[in-house]
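Examining the three-dimensional arrangement
For reference, the chains in residue letters:
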Amino acid sequence: MKFAKLTASTLAIAAVSATAAVARDNIQVAGSSTVLPYASIVAEAFGANTDFPTPVVESGGSSAGLKRFCEGVGENTIDVANASRAIREKEIKACAENGVTDIIEVRIGYDGIVFASQADGPAYTAFTPSDIFNALAPKVVVDGELVGNPYTKWNEFNADLPDAEILAFIPGTKHGTREVFEEKVIAAGCEATGAHDAMIAAGMSEDDAEDACLMVRTDGRSVDIDGDYTETLASIDANAHGIGVFGLAFYENNTDKLKVATMSGVMPSTESIASGEYPVSRPLFFYVKKAHIGVIPGLKEYAQFFVADELAGPSGPLANYGLVSDPELAKTQQMVADEVVMGEGM
């Protein structure tokens, strides 16, 4: 991919020379495997088109990246955390306890969570949140009663699904994808099937029922993947009937290996996510340690470069890799320029 056509205004953002006297001059980034491909593209372009070194970008998951981000301030800590979910209150508190008090939240756009199987495997084309819940929950409603999950094949509860063994590879709990998967698929399926109401009727409190709705079966048919999407892809490659959960961008870069499923009758795409039609989408972020701006060379310039129209806009290279451009990108650009931290107004 070439970036020679980036405009002079974009490059002017990062024209400041690296003059700060510090032990390292590389920006250090870690976090979400979903944001990783976008951050890698930006880092490469930043290094190629400015006088700053190419940032070092690592993966590891949203929670792991934010944990490292919150370890403290100083050259031995990372500057940026990528996340496929918003930072949590307990993480903000952990940051503050370690001296990370001024955090700039940067929303880069939106991504969809998709369900995909082997390209030559069964065609899963009729998924709803209810189907995923019925397949993966430890207890489901059968004939009006809440019972231990008896299902071993998809077509046992939905005749439109294949006669295939249930085997799902889902994101582990440290991934931001897991939170969106739970909220927009599992919890929605729990409500739609009547399982939530059945739990309340059985004597559970509202809070306990909500927690129970998010549980997944432990008999080997639901498998947590703690690594990145390449590990999920390897699991799908090894299991002809397996279903995996991926970010849209990863799927679109592996269409030769994967076959995507619809959700509630909608095919996941940049267009269906941008319109709000596809039901399983989420915003993507990165977080910047304000205390490192002016200390680590190019940090603010990197943040501005990332959200410039020429990269993060609807016609930019990130869109070619599946990022759905944020309709409020101009507002984000201004917040970054003004170094607005969380909790401050514009």
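Attention in this report is confined to the structure presented alongside it. (Residues numbered from 1 in each chain as written. Predicted model: local features only at pLDDT ≥ 70, side-chain atom pairs only at ≥ 80, totals over all residues. Heavy atoms only, no water.)

Quick word on the overall build of the chain
Secondary structure assignment for the chain yields 15 helices and 12 strands. For a compact globule of 346 residues, the expected C-alpha radius of gyration is about 20 Å, and the chain comes in at 22 Å, within 12% of that figure. The principal-axis extents of the C-alpha atoms in the chain amount to approximately 70 × 45 × 35 Å. Across the 346 residues in the chain, those meeting the buried criterion constitute 52%. Long-range contacts, defined as pairs at least 24 residues apart, comprise 74% of the intrachain contacts of the chain with a sequence gap of at least 6. (Helix = DSSP H or I, 4+ residues; strand = E, 2+ residues; numbered from the N terminus. Rg over C-alpha atoms; globule rule 2.2 N^0.38 Å. Buried < 20%, exposed > 50% of the residue type's maximum accessible area, 1.4 Å probe, protein only. Contact = heavy atoms within 4.5 Å.)

Remarks on the side chain of Glu-339
Within the secondary structure, Glu-339 is located in the segment after helix 15 (329-337). Among the polar contacts made by the side chain of Glu-339, one reaches the side chain of Lys-300 at a distance of 3.1 Å. With near-sequence residues (within four places) excluded, Glu-339 lies in contact with Ile-104, Lys-290, Ile-293, Lys-300 and Glu-344. (Polar contact = N/O pair within 3.5 Å; in protein donor to acceptor, adjacent residues only side chain to side chain.)

Description of the state of the cysteines
Two cysteines, two sulfur atoms, one covalent bond between them: this is a disulfide. Inspection of the entire model under this criterion finds 2 disulfides. Covalent S-S linkage joins Cys-70 and Cys-95, the inter-sulfur distance amounting to 1.9 Å. Handedness here is read from the sign of the S-S torsion; for Cys-70 and Cys-95, about -75°, the answer is left-handed. Residue Cys-70 is found in the loop between helix 3 (62-69) and strand 3 (80-83), and its partner Cys-95 is found in helix 4 (residues 89-97); the two are separated by 25 residues along the sequence. The exposure classification of Cys-70 matches that of Cys-95, with both residues buried. At a sulfur-sulfur separation of 2.0 Å, the disulfide partner of Cys-190 is Cys-213. Torsion about the S-S bond of the Cys-190 and Cys-213 cystine: about -60°, corresponding to left-handed handedness. One end of the pair, Cys-190, is in helix 6 (residues 176-192); the other, Cys-213, is in helix 8 (residues 206-213), with 23 residues separating them in the sequence. (Disulfide = S-S within 2.5 Å.)

Section: a negative patch on the surface
A cluster of acidic side chains, namely Glu-191, Asp-197, Glu-206, Asp-207, Asp-208, Glu-210 and Asp-211, defines a negative patch on the protein surface. When residues in the negative patch are grouped by element, the largest group, 5 residues, is from helix 8. Among the structural elements, Asp-207 can be located in helix 8. (Patch = residues over 30% accessible without salt bridge, like charges linked within 9 Å, V, L, I, M, F, W, Y side chains within 5 Å. Areas by Shrake-Rupley, 256 points an atom, 1.4 Å probe, with all protein chains shown as cover. Salt bridge = Lys/Arg side-chain N within 4 Å of Asp/Glu carboxyl O. Lys, Arg positive; Asp, Glu negative; His and termini not counted. Charge placed at Lys NZ, Arg CZ, Asp CG, Glu CD.)

A closer look at the environment of Lys-139
Relative to the helices and strands, Lys-139 resides in strand 5 (residues 139-142). If we ignore the near neighbours within four places in the chain, the residues touching Lys-139 are Phe-133, Leu-146, Val-147, Gly-148 and Asn-149.

Regarding the pairing of strand 3
The two faces of strand 3 match: Val-80 and Asn-82 on one face and Ala-81 and Ala-83 on the other face are all buried. In this structure, strand 1 (residues 28-31) lies alongside strand 3, joined through 3 bridges in parallel fashion. Bridging from a neighbouring strand, Gly-31 pairs with Asn-82 of strand 3. Pairing analysis gives 4 bridges linking strand 3 to strand 11 (residues 281-289), with the strands arranged antiparallel. For Asn-82, the partnering residue across the bridge sits in strand 11 and is Phe-286. (Pairing = 2+ DSSP bridges.)

Some points on helix 15
Looking at helix 15, one finds that the buried residues are Leu-329, Thr-332 and Val-336. The buried side chains of helix 15 occupy one side of the element, clustering within an arc of 55° when seen end-on. (Arc of directions from axis to C-beta.)

Concerning the packing of aromatic side chains
What the rule picks out here adds up to 17 aromatic pairs. Where Tyr-124 meets Phe-127, the ring centres are 5.6 Å apart and the plane angle is 20°; that geometry is what we call stacked. No difference in accessibility class separates Tyr-124 from Phe-127, as the two residues are buried. Aromatic side chains Tyr-302 and Phe-306 sit 5.9 Å apart centroid to centroid with 85° between the ring planes, which places their arrangement in the edge-to-face category. You can see Tyr-302 and its partner Phe-306 sitting in helix 12 (residues 299-306), 4 residues apart, about one turn around the helix. For the pair Tyr-302 and Phe-306, a shared accessibility class is recorded, and that class is buried. (Phe/Tyr/Trp six-rings, centres within 6.5 Å; stacked < 30°, edge-to-face > 60°.)

Structural measurements only, silent on function.
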